[in-house]
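# Overview (structure and organization)
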Amino acid sequence: MFKIGEKVFIRTVTFHLLGEIVEREGDWVRLKNATWVADSGNPNLPFHESLETGELDEIEYVGEVRVNLATATDVFAWAHDLPTTSK
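The text that follows walks through the structure, step by step, so that each part is easy to find.

Reading guide: rules and limits
- One numbering rule holds for all chains: residues counted from 1, following each sequence as written.
- The predicted origin of the model limits local features to residues at a pLDDT of at least 70 and limits the giving and counting of side-chain atom pairs to 80 or more, whereas totals for whole chains, interfaces and linings rest on all residues.
- In computing side-chain properties, one takes all heavy atoms of the structure into account and sets aside hydrogens as well as water.
- Helix numbers and strand numbers start at the N terminus; a helix is a DSSP run of H or I with at least 4 residues, a strand a run of E with at least 2.
- Here the globule rule reads 2.2 Å times residues to the power 0.38, and the radius of gyration is calculated from C-alpha atoms.
- When a residue's accessible area, from a 1.4 Å probe over protein chains only, is under 20% of the maximum for its type it is buried; when over 50% it is exposed; and in between it is partly exposed.
- Any two residues having at least one pair of non-hydrogen atoms within 4.5 Å are treated as being in contact.
- Exposure was quantified through the Shrake-Rupley algorithm and a 1.4 Å probe, taking into account, for residues, occlusion by the shown protein chains and nothing else.
- Charge counting treats Lys and Arg as positive and Asp and Glu as negative, with His and both chain ends excluded.
- Every charge is mapped onto a representative atom, which is NZ of Lys, CZ of Arg, CG of Asp or CD of Glu.
- Whether two strands pair depends on DSSP finding at least two bridges between them.
- Every axis corresponds to a line fitted to the C-alpha atoms, with the helix fit spanning only the stretch in contact, and the corresponding angles, defined between N-to-C directions, vary from 0 to 180 degrees.
- The definition of a polar contact used here is a pair of N or O atoms within 3.5 Å, where within protein one atom must be able to donate a hydrogen and the other to accept one, and adjacent residues in sequence count solely through side-chain atom pairs.
- Only residues above 30% relative accessible area that lack a salt bridge enter a patch, with like-charged residues linked at up to 9 Å and the nonpolar side chains Val, Leu, Ile, Met, Phe, Trp and Tyr linked at up to 5 Å.
- A pairing counts as a salt bridge when a side-chain nitrogen of Lys or Arg comes within 4 Å of a carboxyl oxygen of Asp or Glu.
- A pair of aromatic rings is counted whenever rings of Phe, Tyr or Trp (Trp by its six-membered ring) have centres within 6.5 Å, and the orientation is called stacked for planes under 30 degrees apart, edge-to-face for over 60 and tilted otherwise.
- Charge over a ring is defined by NZ of Lys or CZ of Arg lying within 6 Å of the ring centre and within 35 degrees of the ring normal.

## A few points about the overall build of the protein
The number of helices and strands found in the protein is one helix and five strands. Ordered by position from the N terminus, the helices and strands of the protein form the series β-β-β-α-β-β. Here the C-alpha atoms of the protein give a radius of gyration of 12 Å, agreeing with the 12 Å that 2.2 N^0.38 yields for 87 residues. In the protein, which comprises 87 residues, the proportion classed as buried is 33%. A separation threshold of at least 6 residues defines the contact pool for the protein, and within that pool the share at least 24 residues apart is 56%. Looking at the protein as shown, the accessible area adds up to about 5,100 Å², and 48% of this sits on carbon and sulfur atoms. One way to put it: in the protein the 8 positive side-chain charges average out to a point 7 Å from where the 15 negative ones average out.

## Side note on the sheet that holds strand β3 (residues 28-39)
The five strands lie next to each other as β4-β3-β2-β1-β5, forming an open sheet whose pairing is antiparallel. At either end of the open sheet lies a strand with only one pairing partner, and these are β4 (58-68) and β5 (72-77). Looking at each pair of strands side by side, their axes are set apart by 30° on average, direction ignored.

## A closer look at the environment of E64
Among the structural elements, E64 can be located in strand β4. A relative accessible area of 43% means that E64 is categorised as partly exposed. Remark: the alpha-carbon pair of E64 and E49, spanning 15 residues in sequence, is separated by 26 Å. Look past the residues within four positions of E64 in its chain and what remains in contact with it is R30 and L31. A polar atom in the side chain of E64 sits 3.5 Å from the side chain of R66.

## Quick word on a nonpolar patch on the surface
On the surface, a nonpolar cluster with roughly 230 Å² of combined accessible area is contributed by F15, W36 and V62. For V62, the location among the structural elements is in strand β4.

## Description of the packing of aromatic side chains
In this structure the tally under the stated criterion is three aromatic pairs. Linked through ring pairs, F9, F47, F76 and W78 together constitute an aromatic cluster. Seen from the ring of F47, R11 lies directly overhead, with NZ or CZ sitting 4.3 Å from the centre.

## Remarks on the environment of E55
Mapped onto the elements of the fold, E55 is located in the loop between α1 (47-53) and β4. Along the backbone, E55 and S40 are 15 residues apart, and their C-alpha atoms lie at a distance of 7.8 Å.

Printed below as a string of structure tokens:
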């Protein structure tokens, strides 16, 4: 299901996160090189295109974060470099 080293885009009921899974314990995963995604695209860029291109509109690099997967609505594989800056 979720593998250590896998890069993922997680949408929860309240926010979106992007990062690399480094640990999983129960419902919790720890992400490194994590980014909070405030806006995954723009009105002219559908969400699926953000997943295909790696283009994101408004992001905040946070470093490391833990997220409870019980709050996740869906999780997507991320095939792109992880952002390391905010924009």
